[in-house]
Structures are given as structure tokens and as C-alpha cells.
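Observations on the model geometry
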Amino acid sequence: MFELLKEQPADKILMLMQAYREDPREQKVDLGVGVYKNADGKTPIMRAIKTAEKQLWEIEETKSYTGLAGDVGFADAMFGLLYGDTIKRETVAAAATPGGTGAVRQGFDMIRMANREARVFVSDPSWPNHITMLKHLGIEMVPYRYFDSETRSVDFEGMMADLGTAKPGDVVLLHGCCHNPTGANLTLDQWQAVIDLMTRNGLVPMVDIAYQGFGDGLEEDAAGLRMVVSQMPEALVAASCSKNFGVYRERTGLLMAVAQDPARLKVNQGMLNHLNRQNFSFPPDHGARLVTMVLNDAALRADWEEEVREIREGVLALRVQLADELRRLTNSDRFDFVKQHRGMFSRLGATPEQVEKMRVDNGIYMVGDSRINVAGLNARTVPVLAKALVDAGA
Ligand code: PMP
């Protein structure tokens, strides 16, 4: 049987991580993988998570199974974080999943179970896993224009024109905030225009939110999502806690089916439970429990919010430093988009050859499409990157 298998293409980002590890140069700079790093290049366990972990060790009495949808307390706590008081709890069916990836994957599964004809419109570019998972599931994917490589901001006209070709029942996949890989995001007016178009044409929104708090703030980053769920009859929402709680390897995420008609709740919840059952039965609990403890305890929550703020402001400061340094070196404002972008990533707009040149000449590792993880920089390496970019002719 195994001889029938074809080799799968290697994951480009994981290959890049490997090449970085094997590079003997001391001054090398890793801007590849999408993990937050502090100024020392470390991905620390967040303070509130560490405290919750100690508390949990004392109070946890069993490792027996949770419910199929995970602990309801986790869904309740995440409901508050994501939606505030914009919608009612009884409109949301929710199931914990292994990370945001698990949530996205099962959201796609649910689309396929509901409507085999539905196509999923995906931003061009998007998180590559969106595309490969849709392909894996045999769901038709339609790219929509999103990034203007001249201005390095959202090509909103192109986006609206492409979404205008969607048929009723098609799904529009949107990044909740901090678009990966570009860093370019919709304004609230643009969210509203997309919502109006989806409403007019009977489209179904699916929002993937993996970086809440890393852009403009915890509330601000959820604003587009809140507009979607409060205005549209239905939405799928996939949330990841990997980044904003720093619990990457604990695999902590949540898939939600939001329906304004509470009569849908029972079937939707049953479907989410069913999908968990078919894929892995019970979702991981440890990370979800830590997140729940942090969100429900006033002191832990305040400390977590403070640390998220430190992370966000640290990344923003690096953006400003990089844009200013490039202004100085190029005598132009053409890299100012770096300070407009939000979240950990920016697509710089360098060609694959320029990206390769920076790797060979300067030991700077970024994804081939010139996406950088801004958090991989520090005050010392910002000028190194700026000079390399200019030297490479970007
Ligand atoms: N969606 C997007 C847009 C992402 O960037 C990521 C992380 N790379 C995820 C979902 C899922 O992350 P995880 O499975 O690690 O929670």
C-alpha cells in the first residue's frame, strides 16, 4: 500500500526554520516562523498562564474526559473575549478544537457537510494552510484580490469586484485582524461594505481570528468580527489562543457557529460535537483550562491584558523604527506601509531573488513572498534588515 503514496510537498516555512537552524553565522536573523519573540529572541510563557498553571496543578483532581465540545466554561469565557456584549450567548454553538488550525479545518468540514456546492472565497494571499486544507477536503477555493503590491495595502476595489462574483451560499473567509501574511487590514468602513455585499448576495461569512490583541487592542481587533456576527444571520468563527495566550503547543482553539435564530443552536451544537467525535473525540483541555482561568480571574486577566499590551506595543515600536530607518536610508516614504500594517507580519514586497540575496549575504531569513515576522526583530537587527533590504534593491 505505501508504495502508492506520493511524497507531499514540504512546508516552506518549516523548511526555512530548518535552514536557519543549520546556518552557522552568529548574526543570523530569523523572521520566518509566526511565533512571537521578545527582544532576546525567546517565546516566553506568559506570566498569567504560568500562574494559572501553578494553581491548576494544585486544584485539578482528574484527567478524565471533558465533554465532546470541551469545557463549556472555556466557550463562555471566549465568548466574552470575542463578542463582548454584541450578541447573545444562545446564538453561539461552540466546540474546543486542537488550535485554530483544528477550528478552521472543522469549519471547512461543516461547510462541506452543509452544502457540497459551496465554494470558499479566500484572500490572495492567505495563510497557506487555508488553501491546502480546502484542497485536502475537496472544496472549491476561489481566490479574491486582497493585497495591492504597489501600495502594500488592501486592494479593496479588487476585493469587492471578486467577491461580487460569489453565488448565494458561497462562503467568504475573512481574517478577523492582523492579516497573515500581509499585515494589511480592512478599515471598519470596509468591513461594513463587505458585510453589505455578503448580505445582498446571500453569502456566508467565516472569520478566522488568530491574533486578537496584537493589532490595535483586544476590543479594537474584534470590531470587524463583532460587526459580522451582529449583522449577519449566520457566521462561522474560528479562534486561536496560540498567539495571544502564548500556548502554541497546548493546541487551544475554538470553532463557533453563530446563528441569529436560536432555534439553530441545537443542530449546530450537535454538528460541532459530531465533528469533534469523528476527528479526535475529545479536544485537548490543558490550554483551554488555563485560558479560562486567566479570563475569569480579575487579577490574572489584568496581568494578561497588560502583557498583551506590552507585546503589541513592542511590535509597533519595531515597525516605527524599521519604517523610520528605511525613510532615512532611501530618502523616501515608500516603506511607511510598515507602520500602517498591524500584527506580527508584514509583506515587504521584495522579489524572491531579493529575499534569497538577503539570506545569502546577510543571514536574514524571511518567507519567500517577503513576509517578515516583525517580532523576530529587535532594536539591533532593525538597521541590519533595513540596510539589507536597500542593498538587495527592494
Ligand atoms: N489562522 C491563521 C490566519 C494563522 O496565522 C494561524 C497560525 N499560524 C492559525 C489560524 C492557527 O494557529 P494554531 O493552530 O497554532 O492555533
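Cut-offs applied
- Residues numbered from 1 in each chain as written.
- Predicted model: local features only at pLDDT ≥ 70, side-chain atom pairs only at ≥ 80, totals over all residues.
- Near = placed C-beta within 6 Å.
- Helix = DSSP H or I, 4+ residues; strand = E, 2+ residues; numbered from the N terminus.
- Nonpolar A, V, L, I, M, F, W, Y, C, P; charged D, E, K, R; others polar.
- Domains from an automatic or database assignment.
- Contact = placed C-beta atoms within 7 Å.
- Buried ≥ 20, exposed ≤ 12 C-beta atoms within 10 Å, placed from the backbone.
- Pairing = 2+ DSSP bridges.
- Axes fitted to C-alpha atoms, helices over the stretch in contact; angles between N-to-C directions.
- Core = buried A, V, L, I, M, F, W, Y, C linked by C-beta atoms within 7 Å.
- Parallel < 35°, antiparallel > 145°, perpendicular 65-115°, else oblique.

**Some thoughts on the site of the ligand**
If you check the shell around the ligand, you find 14 residues, and the closest are G99, G100, T101, S240 and S242. Ranked by the residues each element gives to the shell around the ligand, the list is headed by helix α4 (residues 99-114), at four residues. Its residues assigned to classes, the shell around the ligand comprises four nonpolar, nine polar and one charged.

**Quick look at the domain arrangement of the chain**
Splitting the chain by domain gives domain 1 (10-45 + 309-391) and domain 2 (65-296). Just the C-alpha atoms count here: the centres of domain 1 and domain 2 sit 27 Å apart. The partner domain 2 presents 23 residues to the 21 residues of domain 1 that form the contact. Of all the secondary-structure elements, those providing two or more residues to the side of domain 1 that touches domain 2 are α12 (298-330), α13 (337-340) and β11 (345-347). Counted by class, the side of domain 1 that touches domain 2 contains nine nonpolar, seven polar and five charged residues.

**Observations regarding the environment of T62**
Along the chain, T62 falls in the loop between α2 (47-59) and α3 (72-83). The spacing of T62 and S149 is 87 residues in sequence and 53 Å in space, taken between C-alpha atoms.

**Here's the deal with the pairing of strand β2 (residues 92-97)**
Of all six residues that make up β2, six are buried, and the element is covered over most of its length. Alternating positions in β2 separate into two faces, V92, A94 and A96 on one and A93, A95 and T97 on the other, with burial throughout.

**Focus: the sheet that holds strand β10 (residues 253-259)**
Taking strand neighbours across the sheet as the criterion, the seven strands line up as β2-β10-β9-β8-β7-β3-β4 in an open arrangement whose pairing is mixed. A strand with exactly one partner marks an edge of an open sheet, and here the two such strands are β2 and β4 (141-145). Within the sheet, the average angular offset between the axes of one strand and its neighbour, ignoring direction, is 25 degrees. The pairing of strand β3 (residues 120-124) with strand β7 (residues 171-175) spans two bridges and is parallel. Bridging from a neighbouring strand, V120 pairs with V171 of β7.

**What to know about the nonpolar core**
The biggest cluster of nonpolar side chains holds 110 residues, and the ones touching the most others in it are V172, V237, V291 and V294. Residues lining this core come from more than one domain, with at least three contributed by each of domain 1 (10-45 + 309-391) and domain 2 (65-296). With residues up to four places along the chain from it excluded, the contact list for V237 reads V207, I209, L225, M256 and V258.

**Some thoughts on the packing of α2 against helix α11 (residues 286-296)**
Running from N to C, α2 and α11 point in directions that differ by 110 degrees, and their axes come no closer than 9 Å. Relative to α11, the element α2 is oriented roughly perpendicular. Contacts between α2 and α11 pair A48, I49, A52, E53, Q55 and L56 from the former with R289, L290, M293 and V294 from the latter. A per-class count over the contact of α2 with α11 returns seven nonpolar, one polar and two charged.

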